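One letter stands for each residue in the lines below.
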Amino acid sequence: MFLRALCAAAAAAVSVWLAFAALAAEPDINTIRQEIQNLKNLYESRIQALEEQLKTLQKKETDRSTKAASAAPATSGRVIRDNAFNPAIGVILNGKYTNFSADDSEIAGFAVGEEGERGREGLGIDESELNFSANADDKFYGHVTTAIVREDGEDKVELEEAYLQTLPGAAVIDGLSLKAGRAFWTLGYLNERHSHEDDFTDRPLPNRVFLNNSYNDDGIQASWVLPTDLYTEIGGGIFRGDDYPFGNGGGNGVEAWSAYARFGGDFGADHAWQLGGSFLSGDSDGRESNEGGVEFVGDSNLFITDFRYVWAPTGNPRQQELTVQGEYFWRFEDGTYEDSDAGTGAVDYDEDDSGWYLQAVYKFLPQWRVGTRYSRLSPANTPNGLDGSALDADGQTPQSWSLMADWTNSEFSRLRIQYSHQELSDDKDDQLILQYILSIGAHGAHQF
Amino acid sequence: MLRLTILLSAAILSLLSAPAMAALQVFACEPEWASLAQEIGGDRVKTITATHAGQDAHYVRARPSLIAAMRRSDLVFCSGADLEVGWLPILLRKAGNQTVQPGQAGHLLAADHVTLLEAPEKLDRSLGDVHPQGNPHVHLNPANISILVTVLADRLRDLDPPGSAHYERNAEKFLAAWREAVLQWEQRAKALRNMPVVVHHKAWTYLADWLALDQVATLEPKPGLPPTSSHLTSLLQLTRTRPIKAILRTPYDPDDAAKWLAKKTGIPSVQLPFTVGGDEQSGTLFLMFDRTLTLLEEANGDG
């Protein structure tokens, strides 16, 4: 009881004191409020700063994680679109200005196919080439080359190449590759190459007369790179026998075959070489040349040996490079020739002829090259029946000298000037050729 | 006759299989990767380098000797990102070696495993020889080397399981030494921060990124195009308004443009090793980075 009374009294005393205290402290409340407000402001600004810091930290974190994601194999971050599997597309644009001093371009003692003839004179575009290529899947690679050419006053589309090639994944044996379809087949050095890669504006004389510039029949070719220190590749093919030096591929459709071997290596870091031998043999059921004026029926056999030597003085072909290259052709044919323009009738023929060229090209500055080439042909001994025909060389040995200089702005464009002096028959021909070659799209290969 | 045939075929077979029995053959496109493969592979690998330090890996021909070398290799180790686009694809196709084709364990491209810088936003050849995936000269950032050590060791284990412990040991040893070296280099690099430099070709992007160098301009007007006199004149103007400490080039860049600018401006023209074997003092990756820093420090101090 007493305790309760005491408590009540104490409570009353406290409340009275509090009231007095409150009265007495009236002016300080504002200060306290101010203090509290200050504290609040301080904390708010601190919180704000902390929030700011947190934000930057979070941003860094996301940055890092995106970086980490992109550090994974590049393939994982790519956007895959429907066109991601489009083939590599390359377009070659090629134009010339040509001036000839002689009207006549016959090659004494040789029947020449359409492609192997001298080009058009004056301004004009040359072959415009379209290339498509891609791996079809893990086993096959596909390639198409179409050329749009001006022939007989019309623009025509020529299918130069359309082939599949087995990829290493398809081979039973390492190093073995099969190519099927139409292609510039392996024969000597130049035949495999597209003309826009050439060092001169035209093919050398033997390629013109023996291969009609290039042999790209329909067929199949196998090649095998041996696992040896010395680069060794052997191969061979079977062909339809439709393209020059064969023609009119009748019969069972396999009229020609080829075999080749080539070797190569380095001398030190700056010198490289390659040596090859090829053989092409087949039946011609009617090979037309000289614009249909001359026809050959029979067996045609061609042996080619080629070499190439490259010297890059600093090891950098970009800066300076000397290439020396040559091919020797030997052909023996057994059959009949008929020159309807000369009215010879079909004359038995069993003879051989040959030709060769040698060229050197020197890159003395990264964008500038000069080159020279000599080619020469040795016509066959013609049978009496062909006297006065296109096959009758009349003691001539056709030959040609060329000088060229070109400027390569980038890997994708080149301008060239070439002078040639040709003695192909009685007429001497001085030729001046200006040429541009442009490559757009896919990056070309740095072939040896 | 039969005995002779057997003997002969046995001889041929042993000849053909001989390289396969020997050490793992590594075909490296550039000296830095050859050096790394040798460090991690040790005596279990035999390395062939397609290019030496004096050669520009952009411009190499698919020479017969390279086809033959790739034909016999177990691992192809290259920079990638189209640096070797002119010759690597042909080598792969011509050599016909299944184990080193893209997608196989024997096909290792450095650019596939690191973050590429300078991926172009615009792809147009009028901008020069641009690499669509980004700058391919990835080896000049030591962090990228660390990443590749791990990747390479994994690949070597896949290709040669009996050597697993060997590769792991070598990789660990290399990485430990590498970490220590990088710490020291980064300590030294503090003095090089924001050092303004002119470079011949954009071969130094990863180095500049790592050391925080300021790449002010390139001597090439566009990537892959040789310096022109008009472009050099404009650079001469630039150096009047901006202080430049050094003109950097690789051992394979022609020195005429750099020397011309150096003579006109007094800015030192510095040939950095760029890769292993780039000069006499750069016989290993460690020495190469060391030498690079020393040369930069010298140039920075001079300027």
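Residues numbered from 1 in each chain as written. Chains lettered and ligands numbered in written order. Predicted model: local features only at pLDDT ≥ 70, side-chain atom pairs only at ≥ 80, totals over all residues.

Draft legend 1. Quick look at the nonpolar core. B:Ala37 and B:Ile40 are the most contacted members of the largest nonpolar core, which has 90 residues in total. Here this core spans two domains, and each of domain 1 (16-183) and domain 2 (188-302) of chain B adds at least three residues to it. Apart from residues no more than four positions distant in its own chain, B:Ile40 is found in contact with B:Val149, B:Leu152, B:Ala153, B:Leu156, B:Tyr167, B:Asn170, B:Ala171 and B:Phe174. With 36 residues, the next largest nonpolar core counts A:Phe110, A:Phe246, A:Leu280 and A:Phe329 among its residues. (Core = buried A, V, L, I, M, F, W, Y, C linked by C-beta atoms within 7 Å. Buried ≥ 20, exposed ≤ 12 C-beta atoms within 10 Å, placed from the backbone. Domains from an automatic or database assignment. Contact = placed C-beta atoms within 7 Å.)

Draft legend 2. Quick look at the sheet that holds strand 2 (residues 45-49) of chain B. Residues and elements named next belong to chain B. If you trace the four strands from one edge of the open sheet to the other, you get 2-1-3-4, paired in parallel fashion. At either end of the open sheet lies a strand with only one pairing partner, and these are strand 2 and strand 4 (107-109). Strand-to-strand twist in this sheet, taken as the mean axis angle between neighbours without regard to direction, amounts to 20 degrees. Two elements, strand 3 (residues 75-78) and strand 4, share three bridges in a ladder whose sense is parallel. (Pairing = 2+ DSSP bridges. Helix = DSSP H or I, 4+ residues; strand = E, 2+ residues; numbered from the N terminus. Axes fitted to C-alpha atoms, helices over the stretch in contact; angles between N-to-C directions.)

Draft legend 3. Structural detail: the domain arrangement of chain B. Residues and elements named next belong to chain B. Assigned domains of chain B: these are domain 1 (16-183) and domain 2 (188-302). Here domain 1 and domain 2 have C-alpha centroids that lie 25 Å from each other. With 25 residues of domain 1 at the contact, the number on the domain 2 side is 23 residues. Going through the elements one at a time, helix 2 (31-41) and helix 5 (142-159) are the ones with two or more residues in the side of domain 1 that touches domain 2. Broken down by element, the side of domain 1 that touches domain 2 gets its largest block of residues, four residues, from helix 2.

Draft legend 4. Molecular detail of the interface of chain B and chain A. Taken residue by residue, the interface counts 41 residues in chain B and 41 residues in chain A. Of all the elements in the fold, those that place two or more residues in the side of chain B that touches chain A are helix 1 (2-21), helix 3 (64-71) and helix 4 (88-95) of chain B. Partitioning the side of chain B that touches chain A into residue classes produces 19 nonpolar, 13 polar and nine charged. (Nonpolar A, V, L, I, M, F, W, Y, C, P; charged D, E, K, R; others polar.)

Draft legend 5. Structural context of helix 4 of chain B. Among the residues of helix 4 of chain B, B:Leu88, B:Leu91, B:Leu92, B:Lys94 and B:Ala95 are the ones counted as buried. Looking at the buried residues of helix 4 of chain B, the elements they touch are strand 7 (218-225) of chain A together with helix 3 and strand 3 of chain B. After helix 4 of chain B finishes, the residue B:Gly96 shows a positive phi value of roughly 65 degrees.

Draft legend 6. Seen up close, the packing of helix 3 of chain B against helix 4 of chain B. Residues and elements named next belong to chain B. Axis separation between helix 3 and helix 4 bottoms out at 9 Å; the angle between their running directions is 60 degrees. Between helix 3 and helix 4, the interaxial angle falls into the category oblique. Two packed elements cross with a definite hand, and for helix 3 against helix 4 that hand is right-handed. Contacts between helix 3 and helix 4 involve Leu-66, Ile-67, Met-70 and Arg-71 from the former and Leu-91, Lys-94 and Ala-95 from the latter. Split by residue class, the contact of helix 3 with helix 4 holds five nonpolar, no polar and two charged. (Parallel < 35°, antiparallel > 145°, perpendicular 65-115°, else oblique. Left-handed = near helix turned anticlockwise from the far one by under 90°.)

Draft legend 7. Broad picture of the environment of B:Leu156. Residue and element names in this part refer to chain B. The topology assignment puts Leu-156 in helix 5. Leu-156 sits in the buried class, given 29 other C-beta atoms within 10 Å. On a C-alpha basis, the gap between Leu-156 and Leu-192 in space is 37 Å, while along the polypeptide they are 36 residues apart. In contact with Leu-156, other than residues within four places in its own chain, are Ile-40, Gly-41, Gly-163 and Tyr-167.

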